[in-house]
Amino acid sequence: MSGLSFTKSTLTRGKDEVYVAAVALRATKGAAQLFMSAAYSLSVWDLQHFMVIIKPSSPPLNSQAIAFDFQPEDPEDIYTALAVLSGRAVPGVVLTRKLRKLPRSRCWFVGYSEGDAVDKAYEFSNTWDADLRVGLHDCRHYTNGLVEQLTGEKLVLEHLRITGGQS
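Throughout this description, residue numbers start from 1 for each chain and increase along the sequence as written. Per-residue local features are limited, in this predicted model, to residues with pLDDT of at least 70; the limit for side-chain atom pairs, both in listing and counting, is 80 or more; totals at the level of whole chains, interfaces and linings are taken over all residues. Note that the side-chain values use all heavy atoms of the structure and ignore hydrogens as well as water.

An unreviewed UniProt entry annotates the protein chain as PTB domain-containing engulfment adapter protein 1 isoform 2 originating from Hibiscus syriacus.

When a strand is regular, its side chains alternate between the sheet's two faces. Whether a residue is buried, partly exposed or exposed follows from its accessible area with a 1.4 Å probe, protein chains only, as a fraction of its type maximum: under 20%, in between, or over 50%, in that order. Counting from the N terminus, the helices are the DSSP runs of H or I reaching at least four residues and the strands are the DSSP runs of E reaching at least two. With seven of eight residues buried, strand β2 (residues 48-55) lies mostly within the body of the structure. Bridge analysis of β2 against strand β3 (residues 65-72) gives three bridges, and the strand direction is antiparallel. Residue pairing across strands places Ile 53 opposite Ala 67, the latter belonging to β3. What makes two strands pair is DSSP finding at least two bridges between them.

Salt bridge, as used here: a side-chain nitrogen of Lys or Arg that lies within 4 Å of a carboxyl oxygen of Asp or Glu. With the rule as written, the count across this model stands at three salt bridges. A salt bridge links Glu 114 to Lys 15, with the nearest nitrogen and oxygen atoms 3.1 Å apart. One end of the pair, Glu 114, is in the loop between β5 (107-113) and α4 (117-126); the other, Lys 15, is in the loop between α1 (8-11) and β1 (16-24), and 99 residues separate them in sequence. With its nearest N and O atoms 3.1 Å apart, the salt bridge here joins Arg 97 to Asp 69. Taken as a pair, Arg 97 in strand β4 (residues 90-99) and Asp 69 in strand β3 lie far apart in primary sequence, 28 residues in all. Given the relative accessible area of 1%, Asp 69 is considered buried.

Right, let's get into the side chain of Arg 140. With respect to the helices and strands, Arg 140 occurs in helix α5 (residues 139-151). Here the positive residues are Lys and Arg and the negative ones are Asp and Glu; neither His nor the chain ends is included. No salt bridge is formed by the buried Arg 140, whose closest oppositely charged neighbour, Asp 138, lies at an N-O distance of 4.5 Å. Counting of polar contacts relies on pairs of N or O atoms within 3.5 Å, with two restrictions inside protein: one atom must be capable of donating a hydrogen and the other of accepting it, and residues adjacent in sequence are counted only when both atoms are side-chain atoms. Of the polar contacts made by the side chain of Arg 140, one reaches the backbone oxygen of Gln 48; its length is 3.3 Å.

Turning our eyes to something else, we now look at a nonpolar patch on the surface. Here the term patch refers to residues with relative accessible area over 30% and no salt bridge, with like charges joined within 9 Å and nonpolar side chains (Val, Leu, Ile, Met, Phe, Trp, Tyr) within 5 Å. Here the Shrake-Rupley method, with its probe set to 1.4 Å, supplies the accessible areas, and only the displayed protein chains count as covering residues. A grouping of Ile 78, Tyr 79 and Leu 82 is seen on the molecular surface, where their side chains present a nonpolar patch of about 340 Å² in accessible area. Relative accessible area serves as the criterion here: at 42%, Ile 78 is assigned to the partly exposed category.

Formed by 27 residues in total, the largest nonpolar core has its most connected members in Val 20, Ile 54, Phe 68 and Leu 146. For this core, the secondary structure elements donating two or more residues are β1, β2, β3, β5, α4, α5 and α6 (156-163). Broken down by element, the residue count for this core peaks at five residues, all from α5. The residues contacting Ile 54, other than those within four sequence positions of it, are Asp 16, Glu 17, Ala 65, Ile 66, Phe 68, Ala 117, Val 118, Ala 121 and Leu 150. Buried residues of nine kinds, namely Ala, Val, Leu, Ile, Met, Phe, Trp, Tyr and Cys, make up a nonpolar core once their side-chain atoms join them within 4.5 Å. Throughout, a contact is declared for two residues whenever any of their heavy atoms are within 4.5 Å.

Structure representation (structure tokens):
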């Protein structure tokens, strides 16, 4: 038996970490917003917003990670909400933000990406169709597609749902 000891950092040096996170859906102020917050608090899987978070092996200054997500251009607009509820497409947008730290809850490590995951995520996002249609082309599809592009893992959200987020 060898006396060598390996840690996560020595085995994965140079690989970017990929996470999936869930947050409360944004909605118009009032009853709709209260409903979405309650659904998130109760962990209702279908009423959460999903995003991909990349933690680069060499993080940029002033941040630890970068989040990528797909959502309606104006998720708090009542007309957007009505269009979504009626099954119509609405204008969507891919957002990116720098994060100082990873979320403490509802954030799952899903794998490593070879090469520059942030560049790959921007390339993927630039080709993503911006018409959002809930259930057909929404944050879940974006998250599944981007994770597959980065890690090779297919249908990551279905896997997380079945396992309850446990690997």
